[in-house]
Amino acid sequence: MAASATAAATAGAKPQAAVLRHSACKGTIYLTFDTGSQAQASLIADTLNRHQIKATFFLANEKTVNGDYSLDPSWSAYWKARVAEGHAIGSHTFDHDVLAKDGANGAILVKPGFGAHAGKIISLTPAQYCEEIKRVDQRFVELTGKHLDPIWRAPAGRTTPRTLAAAQSCGYAHVGWAPAGFSGDELSSTAYPNAVLLQKSLRDLRDGDIFVAHMGIWSRKEAWAPANLEPLISGLEQKGYCFATLREHPDYLSQFKPSSKHP
């Protein structure tokens, strides 16, 4: 995904050093973070702030290490702060509904990770699937007073033309990630240690790539973000890369025009 445009300034004035750095970009990387255990939520926010980077977050109502859920009122202050900082925020479906397959008569079969039907295969109409995407926006407005950006990411990145069309019908464009942008933070830390994942990302990421990591993964014994996020950002900056939200990605510019169907 080659991107000719460098990242544009977002809300608020940046320090002069950041402006100069931005004007000298050799390319742009789009950092994205999906909700998870939320064990690394504060670290991610602090690291992005320290580097004056804007990223994109995709939210589902997932159980956290605090014993609550990532879209509970207890997370309101966290998400309000990310909005104020200028990050883009999209939907990851409310119950983290992993696509199983397309069903008969236009149905969409999914396996929610959370909620009343967690762990079970359920059948949704395209309209109901769209509602699962929009439920995140409804809760986000309750928590922050702001709507989500008109983008979404399917759990596990699994889509079909039917799910993409369902989401587009209610104003949401799907965002995956570049092959080089897979952080590997869902993989076994024994088989894929952090040092190996970091080396791969620094070697393979290119201008325009969308990078994905999680805000904490329950199954990984050696957490990815504490060891890798800071050196990844610093290493990419040393290579001349800058960072931007998906609002500036050339593939999604039209999605953010006022004519979008999204509320």
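Residues numbered from 1 in each chain as written. Predicted model: local features only at pLDDT ≥ 70, side-chain atom pairs only at ≥ 80, totals over all residues. Heavy atoms only, no water.

1. Some points on the pattern of salt bridges
Here comes step 1: In the structure shown here, the tally under the stated rule is ten salt bridges.
Here comes step 2: We note a salt bridge from Arg-135 to Asp-95, for which the minimum N-O separation is 3.4 Å. Of this pair, Arg-135 sits in helix α4 (residues 126-144) while Asp-95 sits in the loop between β3 (88-91) and β4 (97-102); the two residues are 40 residues apart in sequence, bridging distant segments of the chain.
Here comes step 3: The closest approach of N and O atoms between Arg-247 and Asp-149, which form a salt bridge, is 3.0 Å. Of this pair, Arg-247 sits in the segment after β10 (241-243) while Asp-149 sits in the loop between α4 and β7 (151-152), and the two are 98 residues apart along the sequence.
Here comes step 4: Looking at Arg-247, the relative accessible area reads 26%, which means it is partly exposed.
Here comes step 5: Residues joined in a network through salt bridges with shared partners are Asp-95, Glu-132 and Arg-135. (Salt bridge = Lys/Arg side-chain N within 4 Å of Asp/Glu carboxyl O. Helix = DSSP H or I, 4+ residues; strand = E, 2+ residues; numbered from the N terminus. Buried < 20%, exposed > 50% of the residue type's maximum accessible area, 1.4 Å probe, protein only.)

2. Thoughts on the packing of aromatic side chains
Here comes step 1: One pass over the structure, following the stated rule, counts eight aromatic pairs.
Here comes step 2: Plain terms: the ring middles of Tyr-69 and Phe-114 are 6.3 Å apart, the flat faces sit at 85° to each other, and that makes the pair edge-to-face. In this pair, Tyr-69 is assigned in the loop between β2 (56-59) and α3 (76-85) and Phe-114 in the loop between β5 (108-112) and β6 (122-124), connecting sequence segments 45 residues apart.
Here comes step 3: For the pair Trp-75 and Trp-79, a centre-to-centre distance of 6.4 Å together with 35° between the ring planes defines the contact as tilted.
Here comes step 4: Among the residues examined, Trp-75 registers a relative accessible area of 8% and is labelled buried.
Here comes step 5: A relative accessible area of 0% places Trp-79 in the buried class.
Here comes step 6: Linked through ring pairs, Phe-33, Phe-57, Trp-75, Tyr-78 and Trp-79 together constitute an aromatic cluster.
Here comes step 7: It is Arg-82 that lies over the ring of Tyr-78; its NZ or CZ is 4.4 Å from the centre.
Here comes step 8: Just above the ring of Phe-94 sits the side chain of Arg-135; from NZ or CZ to the centre is 3.9 Å. (Phe/Tyr/Trp six-rings, centres within 6.5 Å; stacked < 30°, edge-to-face > 60°. Lys NZ or Arg CZ within 6 Å of the ring centre and 35° of its normal.)

3. A few points about the environment of Ser-189
Here comes step 1: When you line up the elements, Ser-189 lands in the loop between β8 (173-174) and α6 (194-204).
Here comes step 2: Along the backbone, Ser-189 and Trp-224 are 35 residues apart, and their C-alpha atoms lie at a distance of 8.4 Å.
Here comes step 3: Once residues within four sequence positions are removed from consideration, Ser-189 is found in contact with Arg-220, Lys-221 and Glu-222.
Here comes step 4: From its side chain, Ser-189 meets the backbone nitrogen of Glu-222 in a polar contact 3.2 Å long. (Contact = heavy atoms within 4.5 Å. Polar contact = N/O pair within 3.5 Å; in protein donor to acceptor, adjacent residues only side chain to side chain.)

4. Considerations on helix α5 (residues 161-169)
Here comes step 1: Of all the positions in α5, only Thr-163, Ala-166 and Ala-167 are classed as buried. Seen from one end, α5 has its buried residues packed into an arc of 95°, which puts them on one side. Turned more than 90 degrees away from the buried face of α5 sit Pro-161 and Ser-169, all of them exposed.
Here comes step 2: Against β4, β5, α4 and β7 lie the buried residues of α5.
Here comes step 3: One or two residues past the end of α5 sits Gly-171, with phi positive at roughly 95°. (Arc of directions from axis to C-beta.)

5. Concerning the confidence of the model for the chain
Here comes step 1: When pLDDT is averaged across the chain, the result is 91; 89% of the residues are at 70 or more.
Here comes step 2: A low-confidence stretch, residues 1-21 (pLDDT under 50), is modelled with 34 contacts involving residues beyond four sequence positions or located in other chains. (pLDDT = per-residue confidence, 0-100.)

6. Section: the state of the cysteines
Here comes step 1: For the coordinates displayed, the defined rule picks out two disulfides.
Here comes step 2: In the chain, the bonded cysteines, numbered by position in the sequence, are linked as 1-4, 2-3. (Disulfide = S-S within 2.5 Å.)

7. Focus on the sheet that holds β4
Whenever strands of a sheet pair, they do so through backbone hydrogen bonds, lying parallel or antiparallel.
Here comes step 1: Read from one edge of the open sheet, three strands run β4-β5-β6, paired in antiparallel fashion. Either end of the sheet is taken by a strand with one partner, and the two such strands are β4 and β6. Adjacent strand axes in the sheet meet at a mean angle of 40°, parallel and antiparallel pairs treated alike.
Here comes step 2: Of the pairings in the sheet, the one linking β5 to β6 comprises three bridges and is antiparallel in character. (Pairing = 2+ DSSP bridges. Axes fitted to C-alpha atoms, helices over the stretch in contact; angles between N-to-C directions.)

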